[in-house]
Amino acid sequence: MELGIGMFGDLGIDKTTGKYRDAGVKIREILEQVKFMDEIGIDVFAMGEHHRPDYAVSSPEMVLAAAASITKNIKLASGVTVLSSSEPVKVYEDFATLDLISDGRAEIYVGRGSFIESFPLYGYSLNDYEELFDEKLELLLKINSKENVTWSGKLRAPMNNQTVYPRAKNDGKISIWRAVGGTPQSVLSAAQLGMPLVVAIIGGMPIQFKNLIEFYKQEYKKAGHDESKMQIAVHSHTFVSDNSAVIDGYFENYKSQMDRIGATRGWAPYTKMQYEGGRSKDGALLIGNSKQVADKIAYLKEIFGITRFIGHMDVGDPSHDLMMKSIELFGKEVKPAIKDL
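Residues numbered from 1 in each chain as written. Predicted model: local features only at pLDDT ≥ 70, side-chain atom pairs only at ≥ 80, totals over all residues. Heavy atoms only, no water.

Student: How should I be thinking about the overall build of the protein chain in this particular structure?
Tutor: Check the secondary structure of the protein chain and you find 11 helices and 11 strands. Over its C-alpha atoms the protein chain spans a radius of gyration of 19 Å, differing by no more than 12% from the 20 Å that the globule rule assigns to 341 residues. Referenced to the eigenvectors of the C-alpha coordinate spread, the extents of the protein chain come out at roughly 60 × 45 × 40 Å. Put simply, the protein chain has 341 residues, and 51% of those count as buried. Taking the intrachain contacts of the protein chain between residues at least 6 apart in sequence as the baseline, contacts between residues at least 24 apart amount to 70%. About 15,100 Å² of surface is accessible on the protein chain, with carbon and sulfur atoms providing 52% of the total. Here the protein chain carries 40 positive and 45 negative side-chain charges, and the mean point of each set is 2 Å from the other. (Helix = DSSP H or I, 4+ residues; strand = E, 2+ residues; numbered from the N terminus. Rg over C-alpha atoms; globule rule 2.2 N^0.38 Å. Buried < 20%, exposed > 50% of the residue type's maximum accessible area, 1.4 Å probe, protein only. Contact = heavy atoms within 4.5 Å. Areas by Shrake-Rupley, 256 points an atom, 1.4 Å probe, with all protein chains shown as cover. Lys, Arg positive; Asp, Glu negative; His and termini not counted. Charge placed at Lys NZ, Arg CZ, Asp CG, Glu CD.)

Written as structure tokens, this is what we have:
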């Protein structure tokens, strides 16, 4: 099983200025953190896309390209590319370029995303929310599999025997994963297309997703895909510290981001009870000491049969020092413990 780390580039409030932290500083911290991940053997880094003032990264491929130049082995993925509001040709071109820079380490996680700011920003209608994604995924997969593309849809101009350059290292193909939040129709589509699956489990209890993942396995096999090539990942909020005071204090970081998001969605303020409930044995938060986090990943492996786990590690913008320590423990303590289990 591969172990990875994901980030959105969360920006906390600078208490001295009352404004969000400097995005440039944050991005440079992320690059230092990814370089360290590579050095200690983390398998995957996934960078998210957002178009809001509380996140530093709107262009994952740019950050990943910078990371490619300072790393050697770690896979570099978007987490996620909001495909509904992106141009599939440009997505392929950008990630094929990243693939060439990194010598074949690029991956794309495609999803609808959990925010809608990119739709009006890029001139798309939310009335086309579903159809945009389905049409653009069809085109992206075709570009990824064939050198010359002829395609037509309803919402984008057709392509007629056109080739997209450059081509990725592996015979022009990039690993494209389908990222879902729990919608059965999305899981069914991924299974029928034979796409690797990433399930975001950030609340409730992971066991609640067991039927969904079994559904994916069932439909993947039914569609006639090679079972030996099936890949399933879980993406969950994660933070590691062997200092209980740090874990207790991290609640404030976590709450600050949950409340910022919740204010736009009508959520009640996030509570310490929710935090501790999520950290409990059956909860979805992998926030705790090395053993607690390793045990939860092992549990996810046991109930789902996952081939990859991505720990989303910068929720609420913990300090750079705490992030580096969390990454260190994840690579040097959690990963070996999982291997032993």
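Continuing now.
Student: I tried to follow the pairing of strand β3 (residues 75–82) on my own but got confused; where do I start?
Tutor: A regular strand carries its side chains on alternate faces of the sheet. Here β3 lies mainly inside the structure; 7 of its 8 residues are buried. As judged from the 4 bridges shared by strand β2 (residues 44–47) and β3, these two strands associate in the parallel manner. When the sheet's bridge partners are listed, F45 is paired in β3 with L76. Regarding the hand of the β-α-β motif, the stretch spanning β2, helix α2 (residues 60–68) and β3 is right-handed. (Pairing = 2+ DSSP bridges. Right-handed = clockwise from strand over helix to strand, strands pointing away.)

Student: In this structure, what is going on with unusual backbone geometry? I would like to understand it.
Tutor: Glycine aside, negative phi is the norm for most residues, and most peptide bonds take the trans geometry. Cis peptide bonds are those with omega within 30 degrees of zero, and the linkage from G79 to V80 qualifies with 15°. Across the junction of Y165 and P166, the peptide omega takes the value -5°, indicating a cis bond. Tracing the backbone through its elements, the reader meets P166 in the loop between β6 (159–163) and β7 (175–180). The residue N161 is not glycine, and still its phi comes out positive at about 50°. Considering the arrangement of structural elements, one finds N161 in strand β6.

Student: Any chance you could explain the pairing of strand β9 (residues 232–240) here in plain terms?
Tutor: Counting buried positions along β9 gives 9 out of 9 residues, so the element sits mostly inside the fold. Along β9, one buried face is formed by I232, V234, S236, T238 and V240 and the opposite face, lined by A233, H235, H237 and F239, is buried too. Across 4 bridges, the pairing between strand β8 (residues 197–200) and β9 is parallel. What sits directly across from V199, in β9, is V234. Relative to strand β10 (residues 286–288), β9 runs parallel, the two sharing 3 bridges. The partner of V240 across the bridge, within β10, is G288.

Student: Would you take a moment to explain the pattern of salt bridges for this structure?
Tutor: Should the charged atoms of two oppositely charged side chains come close, the side chains can pair. This model, assessed by the stated rule, comprises 28 salt bridges. Where K90 meets D94, a salt bridge forms, and the shortest distance between an N and an O atom there is 2.7 Å. Of this pair, K90 and D94 both sit in helix α3 (residues 88–101), separated by 4 residues, roughly a single helical turn. Linked by salt bridges that have partners in common, R21, K26, E29, D314 and D317 make up one network. (Salt bridge = Lys/Arg side-chain N within 4 Å of Asp/Glu carboxyl O.)

Student: Can you walk me through the side chain of Q33 in this structure?
Tutor: Relative to the assigned elements, Q33 resides in helix α1 (residues 23–39). Looking at Q33, its side chain comes within polar contact range of the side chain of H320, at 2.9 Å. (Polar contact = N/O pair within 3.5 Å; in protein donor to acceptor, adjacent residues only side chain to side chain.)

Student: I keep staring at α3 and nothing clicks. Help me out?
Tutor: Residues separated by three or four positions in an α-helix point in the same direction, a consequence of the helix having 3.6 residues per turn. The end-to-end C-alpha separation of α3 is 20 Å, in line with the 20 Å expected for 14 residues at 1.5 Å each. Within α3 the residues assigned to the buried category are P88, V89, V91, Y92, F95, A96, L98 and D99. Its side-chain oxygen at 2.9 Å from the backbone nitrogen of V89, E87 defines the N-terminal cap of α3. One or two residues past the end of α3 sits D103, with phi positive at roughly 60°. (Expected span 1.5 Å × (residues − 1).)

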